[in-house]
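# Results of the structural survey
Read off the chains here:
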Amino acid sequence: MIDQEQVHKVANLARLELTPEEEKQFTTQLGSILDYIEQLNELDVSNVPPTTRPIDVSNITREDELQPYPDRQSILNSAPEQEGEFFKVPKILNAE
């Protein structure tokens, strides 16, 4: 299914320097993987819904709730620079 020339081409595209022995080893290994994939392609999966995971997983997240911090001044005091009631940060946009 895959030959050493194809492995060499892919390695070159991926900027990998493989020795001829490594190319031969990867050719064998990738051939085995592709043979296994071909076996999977023989299965009838027309009634199997597409999934991203083999088991159902759902995220358990909390709702974001706005809560004022009780000691705003201590946060401002920990900033390297402040201007009034705000953090002072370096300018990142040009006036252009």
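Residues numbered from 1 in each chain as written. Predicted model: local features only at pLDDT ≥ 70, side-chain atom pairs only at ≥ 80, totals over all residues. Heavy atoms only, no water.

## Here we look at the pattern of salt bridges
Counting across every chain of the model gives 2 salt bridges. Of the charged contacts, one joins D64 and R62 as a salt bridge, the two residues approaching to 3.8 Å between their closest N and O atoms. Each member of the pair, D64 together with R62, is exposed. The partner of E83 in a salt bridge is K88, with the nearest N and O atoms 3.8 Å apart. Note on K88: relative accessible area 42%, which makes it partly exposed. (Salt bridge = Lys/Arg side-chain N within 4 Å of Asp/Glu carboxyl O. Buried < 20%, exposed > 50% of the residue type's maximum accessible area, 1.4 Å probe, protein only.)

## With respect to the confidence of the model for the protein chain
With 98% of its residues at a pLDDT of 70 or more, the protein chain shows a mean pLDDT of 88. Taking the mean pLDDT of every element in the protein chain, the minimum, 86, falls on helix α3 (residues 72-78) and the maximum, 94, on helix α1 (residues 4-13). (pLDDT = per-residue confidence, 0-100. Helix = DSSP H or I, 4+ residues; strand = E, 2+ residues; numbered from the N terminus.)

## Brief notes about the packing of α1 against helix α2 (residues 20-41)
The geometry of α1 relative to α2 is characterised by a closest axis approach of 9 Å and an angle of 110 degrees between their N-to-C directions. Considering their axes alone, α1 and α2 lie roughly perpendicular with respect to each other. In this structure, α1 uses Q4, V7 and H8 to contact α2, whose residues at the interface are P20, E23, K24, F26, T27 and L30. Considered class by class, the residues forming the contact of α1 with α2 number 4 nonpolar, 3 polar and 2 charged. (Axes fitted to C-alpha atoms, helices over the stretch in contact; angles between N-to-C directions. Parallel < 35°, antiparallel > 145°, perpendicular 65-115°, else oblique. Contact = heavy atoms within 4.5 Å. Nonpolar A, V, L, I, M, F, W, Y, C, P; charged D, E, K, R; others polar.)

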